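Structural characterization, general
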Amino acid sequence: MNKFVPALRAGLLLACLSVLSACVSITAAKGTVPLAAGGYSIALEQTWSDVTALYGAQTPKARVLTLDGVLLDRLYLIGGVGPGASIVRSPLKERPSPVMRADLSLTEQVEFLTDSISALGYKRVESTGVRPQTFGGADGVRVDYRAQTAEGLEIGGTALLAVRAGKLNAMVFLAPQEYYYPQNIEKIEAVFRSATFGK
Amino acid sequence: MKRRRGSCVLSALVLAAATFSVAGAEEREVGARPAADSPEAGLWVLSDKAESEAKRSAELNTSAELREYVRSVACKVAATHCPEIRVYVFDRPFFQASMAPNGYMEVWSGLMLRAESEAELAFVLGHETGHYVNSHSWQSLQAVKSRATGAMFATVLIGVAGAVASVNAGSAAAANGGSAASAVNSINSVTSGLINAVYLGTVASLFSFSREHETIADAFGYDAAVKAGYQPSAGVALWQRLIDETAASDFPKVRNGQARTSVFDSHPVAADRVAALNKLAGDQTGGEEGKARYRAAIRPFLGPWLRDDLRRRDFGQSLFLIDRLGAGGEDLGVINFYRGEALRLRRKDGDAAAAEAAYREAIRFADAPPETWRQLADFAERRGDHAETARLLQTFLDKAPNAGDAAFARMRLARALGAPAPEVAPLAAPDPVAPPGSPVPVAVAPSAVSAALQADLSMPTANGTRP
């Protein structure tokens, strides 16, 4: 059984982490929500749960909000991803996450975001409906997504991204295609419209 | 092959072991199932559950033709055990195949991309069948269990392995080759979030084989494939290529490690295993290779599987694979496109020019994906070559008018043509019930763009740039 001591130790570690996770604070978000790293803010008309504390290790450059729970909808507010940085942090050097580059074409910016969503664990992520759209008054790109969870649940998504001062900013909404995506898309449109960059 | 993976499958294997006698000297009987009150029966239930979950997996390849093809090859090597086997192909960019005790077999796309012939696939499936027929999973569990029953032990092990996977445990446990923890760490080091670590942890915990088991399975796979009429040298060729691909990795840690025939593999392919297979093959020649038939079976999936492979972001290995896939001179539109993609994403000195050259080579062939022209348009746009940008984008749109980024391409086309910039969508709320991917209104009138393009292309300048 000695061979399994490390595994048991890791299991205990997980248990400890689970207990500790209960101490992580989930706060309410409503009204003007600034995203300091990206230099933009959004306005929320209703109260969202800010679960950034749960996801900070995986997406250090994102603020993560949810209306109905993280398994049912997620809004990633990503800001200030400069050259050399990633949206999703990889735990292993041998499996790097997609990296932002200064000279990405618009097509490559969309690819970077799409691959980052894949790196979050979503499967068969497909970008659709790529079109120009303003982001806080700046030229941006709007993208819709189709994806699946590992278990095969169909996910709908939409994102608005823009590169400003060499750094990528993006708002990404992901939710099950059944009910939660169509139910919330108008609220997301309002959030997207509310984005403003500081002076 | 080696330690399998196959998620649940592995667990199933353990179950099946119930039927056979202990030390593994005997092969399982055809169609044998564990007695309902045996320790293995619980594992069989786990295996059935895993198979049930696999059917809902987002990564399950739904092509009936591909599944039937792989099943037919598996049946040739499984011989009398064929009726017990159910094959599932998964779109996962790692070298992996496995078979559970209940006959549930997984084959991953990373393996399908790397095998170059039906004979090589047959060897791998024969290897898996060797673990299955010899109940290696059950033997492995028997070897480590102490006070607990096999089923209880497995249950605990699965939980621990899943926990380890979920927290991405460090590599310390990996030193204990053959343990569940090492297998899970192996998974993590290889897959890193690309696949469900907890799910795979379950599988890995039950499919950690000893070096002896791997050697036995190699020999079994060799015999089964040769008996089925396949080329004797297939196994050696495949294992040697895996070693060579490992050496081509971008990452020193991977290059300095050993080739793995499974993401659950804690006993990698070493020279001694290749030598053992070489000895078995001796100077035997002949046998069926089935190269053309194999390529025809995987051809429809080359593009999506290569796209998945690039997401591993080990471009050295991807380029090795792409070179191998293109060595026979087939599918060069697709192959060169993905060579270009790998080079473009790698971004080493000289890669941009090499990527463009690869795209240009790709469009010489009828099977080049439409995106090839869009990528070339990026290069032209960066050079400020508006006419070439427009021509390439128009070709892209002609070939893929409903592409996900068609609206965006039309905007770029208009810009390249000097047409009035398309109106940027003012964030008008879309139809709330329209699913993502619904057609997007095009801001630029296609007819106007077409007319402008025709006019533009009718007046090329000497250097091809826009007047």
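In this report, the structure presented in the accompanying data block is examined. None of these values were measured; they are calculated from a predicted model.

**Comments concerning the overall build of chain B**
- Tallying secondary structure elements over chain B gives 22 helices and three strands in all.
- Of all 467 residues assigned to chain B, the portion counted as buried reaches 57%.
- Sequence-distant contacts, at least 24 apart, represent 69% of the contacts inside chain B between residues at least 6 apart.

**Quick word on the packing of helix α10 (residues 211-227) of chain B against helix α13 (residues 271-281) of chain B**
Residue and element names in this part refer to chain B.
- α13 packs onto α10 with a crossing angle of 30° between their chain directions and a minimal axis gap of 10 Å. Where α10 crosses over α13, the two elements pack in a sense that is right-handed. Residues T215, D218, A219 and Y222 of α10 form the contact with α13, whose own contacting residues are R273, A276, L277 and L280.

**As for the packing of helix α3 (residues 64-78) of chain B against helix α5 (residues 118-133) of chain B**
Residue and element names in this part refer to chain B.
- Running from N to C, α3 and α5 cross one another at 60°; their axes reach a closest spacing of 9 Å. The angle between the axes of α3 and α5 places the two elements in the oblique class. Crossing angle aside, the handedness with which α3 passes α5 is right-handed. In this structure, α3 contributes V73, A74, K76, V77 and A78 to the contact, and α5 contributes E118, L121, A122, L125, G126 and T129.
- In the contact of α3 with α5, the residues fall into seven nonpolar, two polar and two charged.

**What to know about the nonpolar core**
- Counting residues in hydrophobic clusters, the biggest one holds 149 residues, and the most contacted among them are M171 of chain A together with A122 and A225 of chain B.
- The element best represented in this core is helix α21 (residues 406-417) of chain B, accounting for nine residues.
- For A122 of chain B, the residues in contact, after removing those within four places along its chain, are V73, K76, V77, A225, A228, Y230 and A234 of chain B.

**Observations concerning unusual backbone geometry**
Residues and elements named next belong to chain A.
- Non-glycine residue A165 carries a positive phi angle of around 55°.
- Tracing the backbone shows A165 in the loop between β7 (154-164) and β8 (167-176).
- Although it is not a glycine, Y179 adopts a positive phi angle of roughly 75°.
- Mapped onto the secondary structure, Y179 falls in the loop between β8 and α4 (180-194).

**Observations concerning the pairing of β7 of chain A**
Residue and element names in this part refer to chain A.
- Counting buried positions over the eleven residues of β7 gives nine, a clear majority of the element.
- Sheet topology note: the strand β6 (residues 138-148)/β7 ladder contains eight bridges and is antiparallel. Residue pairing in the sheet places A147 in a bridge with I155 of β7.
- What sits between β6 and β7 in their antiparallel hairpin is a turn of five residues, with G152 showing a positive phi close to 95°.
- Bridge count between β7 and β8: ten bridges; the pairing is antiparallel. Bridge pairing in β8 links T158 to F173.

**A look at the sheet that holds strand β2 (residues 97-99) of chain B**
All names here are of chain B.
- Read from one edge of the open sheet, three strands run β1-β3-β2, paired in mixed fashion. Among the strands making up the open sheet, the edge pair consists of β1 (86-90) and β2. Mean inter-strand twist for the sheet, computed between neighbouring axes without regard to direction, equals 15°.
- Sheet strands touched by α5: β2 and β3 (104-108). Its angle to β2, the strand with the most contacts, is close to 35°.

What counts, and where the lines are drawn
- Residues numbered from 1 in each chain as written.
- Chains lettered and ligands numbered in written order.
- Predicted model: local features only at pLDDT ≥ 70, side-chain atom pairs only at ≥ 80, totals over all residues.
- Helix = DSSP H or I, 4+ residues; strand = E, 2+ residues; numbered from the N terminus.
- Buried ≥ 20, exposed ≤ 12 C-beta atoms within 10 Å, placed from the backbone.
- Contact = placed C-beta atoms within 7 Å.
- Axes fitted to C-alpha atoms, helices over the stretch in contact; angles between N-to-C directions.
- Left-handed = near helix turned anticlockwise from the far one by under 90°.
- Parallel < 35°, antiparallel > 145°, perpendicular 65-115°, else oblique.
- Nonpolar A, V, L, I, M, F, W, Y, C, P; charged D, E, K, R; others polar.
- Core = buried A, V, L, I, M, F, W, Y, C linked by C-beta atoms within 7 Å.
- Pairing = 2+ DSSP bridges.

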